[in-house]
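# Descriptive structure summary
Residues per chain are reported as follows:
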Amino acid sequence: MDFTEIYKQSASLVAFSPGTHFLLTAIQDRLVVRRADSFQIARSWALDPNPAPTAGALSQTQAPSGKSTSTSKPQNPGGTTGETCNITHAAWSCDAEHVLGACARRGVVEVFKMRDETWRARIDAGAEGLVNAEWAPDGRSVVCFSEWGVRAPVYAPLLFSPVHDALRVTVWSLVTGTATYIQFPAQPERGHAWRADGHYFLLAERHKSRDTLGVYDATAGLRLVRHFPLPTASLAALALSPTGTHVAVWEGPLEHKLHVLSLAGTLLGTFAPTGDADPGFGVRAAVWHPSGLFLAVMGYDDKVHILESLTWGPIATLELQARVPTRAIVWREPDDWLAATHGRGFLSYERLQTPLSLALPRAPDRTKPPPLAAPSAPAPLAFNTDGTLLLVRFAGAPAAVHLFDFPSPTAPAPAPALQPRLRTVLQHARPVACAAWNPVRRGSLALCCGAGGVYLWSDEWAEQDGAQEELAECVGVPAKRFDARALRWAPDGRGLVLLDRDTFCCAFEVDEGGEGGEGAPPA
């Protein structure tokens, strides 16, 4: 792999454009767009330092008795004029014609045009505040999640997240300049989804202390077409199937229960683990199979249940096992390989003989809440692009990645024929910080462990007899001080963004013919 130089970034806001021609980066209060073939700066914009008019008015709060208003300290998070405010959200539109940058602290979103460096649009959230900003699938509308405030009561650690008051969704159109408002969304991060074709917008809402789901037609000005109650008592998140016909919703940490509904509001199935033992703290993650025929559900008890789409019942349960069977392959990261290679070049994993027993750390304390994960953190479950492999990161083995062979029939078959089988275990010296499948190639995986290297696994190598052979490699980042804490694939699957705390670099594959690397855009 070829690596670029180290560049600055903030808040891990680095993203390739949809066509992989450009790279968007946020550096404090500035957006920088670089060309992916040369990494030269193509565009650069600074967010307007002036706060929203309503934020400025609210900053002049009434002073305590005995003090004048002019000498009181502003209490509004909007800040004062001229104060630097770091960008908290940055994203490309679907056609890479526009980029947005948002400062949640000020409640301001600004949109810029790639073809006209002087054009800009500004959205002021005002007194409501701002917690999230993103593009709608049409690439000409910006979705803003606002709130009046966040309160953290004494039981917030049990809920794993703050309690949001009076949330509202505002969809701003760049074409007409108008706004569409939707009241009382339940979650600003994990409570909404767009159908793959962009036709419908699903939003979990909270009305009169009850969870509901609204289905809005994006082609008709977000007209409400369905609105029905949900069986959840306190919704934690939702996941829309790839086919756009089913939606899974699950409870908060007080109950391990997941429901599957149609977009018409019909309850199709409910899953809760059987047995007398309480799994504890509910559902950790749920991901759909690319075909939409299966749903993988992982709880905080480290069990993965595979649900099928006929009865929405479990057909298999995957658990962390200390003993690895003979048919599986175990790869182990070499000891002190970074020091041996001085962070340059690559080194193969050590392949261990099976069967063997893994040295697992002490089981986590189930009586204490698990650590809070950021909404943008990678899920511990992930299917590859065609659904033939399932990646699982068990909490009981944070330094290991388990890969399961997953049958992918065109229609559900009897349970014995659909039993996932452990294929590969990747062991590391440090806990895995991030793992991601290649978005184009089915058998390519990249991961990082918060150290000066990136780890690659692939089953695309062909032997002389034509059989496929898997390969696992450790690749050092040629930099004196760089710890890869997160990574993201380029949309074309040919490059990676590696993120440290406040810097980043890119890595590109080199073709055998000498071409490639340096992010050359696809033909």
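Right, let's walk through the structure included here. Sequence order as written defines the numbering, with residues in each chain counted from 1. Given that this is a predicted model, residues contribute local features only at a pLDDT of at least 70 and side-chain atom pairs are listed and counted only at 80 or more, while totals for whole chains, interfaces and linings are drawn from all residues. No hydrogens and no water enter the side-chain calculation; it runs on all heavy atoms of the structure.

## A look at the packing of aromatic side chains
Keep this limit in mind: The criterion for an aromatic pair is that two Phe, Tyr or Trp rings (for Trp, the six-membered ring) have centres within 6.5 Å, with stacked assigned to planes under 30 degrees apart, edge-to-face to planes over 60 apart and tilted to the rest. Strands are runs of DSSP state E lasting at least 2 residues, helices are runs of H or I lasting at least 4, and numbering of each runs from the N terminus. In this scheme, Lys NZ or Arg CZ marks a charge over a ring once it lies within 6 Å of the ring centre and within 35 degrees of the ring normal.
Applying the stated criterion across every chain yields a total of 14 aromatic pairs. Note on W437 and W457: the rings are 6.2 Å apart at their centroids and 80° apart in plane angle, and the pair reads as edge-to-face. In this pair, W437 is assigned in strand β38 (residues 434-437) and W457 in strand β40 (residues 453-462), connecting sequence segments 20 residues apart. One aromatic cluster in this structure is built from Y7, F16, F39, F504 and F508. Taking NZ or CZ as reference, K113 lies 4.9 Å from the ring centre of W119, over its face.

## Some details on unusual backbone geometry
As a reminder, the rule being used: The buried label applies to any residue whose accessible area, calculated with a 1.4 Å probe on protein chains only, is under 20% of its type's maximum; exposed applies above 50%, and partly exposed to all values in between.
Across the junction of T354 and P355, the peptide omega takes the value 5°, indicating a cis bond. Of note, P355 is situated in the loop between β32 (350-352) and β33 (356-357). One non-glycine residue, S12, adopts positive backbone phi at about 55°. Note on placement: S12 falls in the loop between β2 (7-8) and β3 (14-16). Accessibility expressed as a relative area gives 26% for S12, which makes it partly exposed. Positive phi values are uncommon outside glycine, yet D336 reaches one of about 50°.

## So, the pairing of strand β43 (residues 495-499)
Along any regular strand the residues' side chains alternate between the sheet's two faces. Here is the rule: In short, DSSP must find at least two bridges between two strands for them to pair.
Within β43, five of the five residues are buried, leaving the element largely enclosed by the surrounding structure. Side chains of β43 alternate between two faces, with G495, V497 and L499 and L496 and L498 buried alike. Between strand β42 (residues 486-489) and β43, which pair antiparallel one after the other, the connecting turn spans five residues, and G493 there sits at a positive phi close to 75°. Bridge analysis of β43 against strand β44 (residues 503-508) gives five bridges, and the strand direction is antiparallel. From the neighbouring strand, L499 faces β44, where its bridge partner is F504. What sits between β43 and β44 in their antiparallel hairpin is a turn of three residues.

## Considerations on the side chain of T212
Using the following cut-off: We call two N or O atoms a polar contact when they sit within 3.5 Å, provided that within protein one can donate a hydrogen and the other can accept it, with sequence-adjacent residues counted only if both atoms are side-chain atoms. In what follows, residue pairs with any heavy atoms lying within 4.5 Å of each other are defined as contacts.
Here T212 is to be found in strand β19 (residues 210-217). A polar contact is formed between the side chain of T212 and the side chain of H227, at a distance of 3.4 Å. When neighbours within four sequence positions are excluded, T212 is seen to be in contact with L203, A204, E205, R206, H207, H227, F228, P229 and L230.

## Quick word on the pairing of strand β11 (residues 132-135)
Alignment of β11 against strand β12 (residues 141-146), held across four bridges, turns out to be antiparallel. The residue bridging E134 from the neighbouring strand is V143, located in β12. Between β11 and β12, which pair antiparallel in sequence order, lie five residues; one of them, G139, sits at a positive phi of approximately 75°.

## Thoughts on the state of the cysteines
This is how it is decided: Disulfides are defined as pairs of cysteine sulfur atoms found within 2.5 Å of each other.
This model, assessed by the stated rule, comprises one disulfide. The disulfide partner of C85 is C103, and the gap between their sulfur atoms is 1.8 Å. One end of the pair, C85, is in the loop between α1 (53-59) and β7 (89-92); the other, C103, is in strand β8 (residues 98-103), with 18 residues separating them in the sequence. Judged by its relative accessible area of 2%, C103 is buried. C434 forms no disulfide, and the closest cysteine sulfur to it belongs to C448, at a distance of 5.0 Å. Assessed through its relative accessible area of 5%, C434 is described here as buried. Of all cysteine sulfurs, the one in C506 lies closest to C505, which takes part in no disulfide; the gap is 6.8 Å.

## Quick notes on the nonpolar core
Put simply, the rule reads: Side-chain atoms within 4.5 Å link the members of a nonpolar core, which is a set of buried Ala, Val, Leu, Ile, Met, Phe, Trp, Tyr and Cys residues.
Within the largest apolar cluster, 28 residues are counted, with the highest numbers of intra-cluster contacts made by V304, I306 and V392. If you list the elements that add at least two residues to this core, you get β26 (294-299), β27 (304-308), β28 (314-318), β34 (381-383), β35 (389-392), β36 (400-405) and β37 (421-427). The contact partners of V304, leaving out residues within four places of it in the chain, are A296, V297, M298, A316, T317, L318, L381, V392 and F394. The next biggest cluster of nonpolar side chains, apart from the first, holds 19 residues, and it includes L403, L426, V432 and C474.

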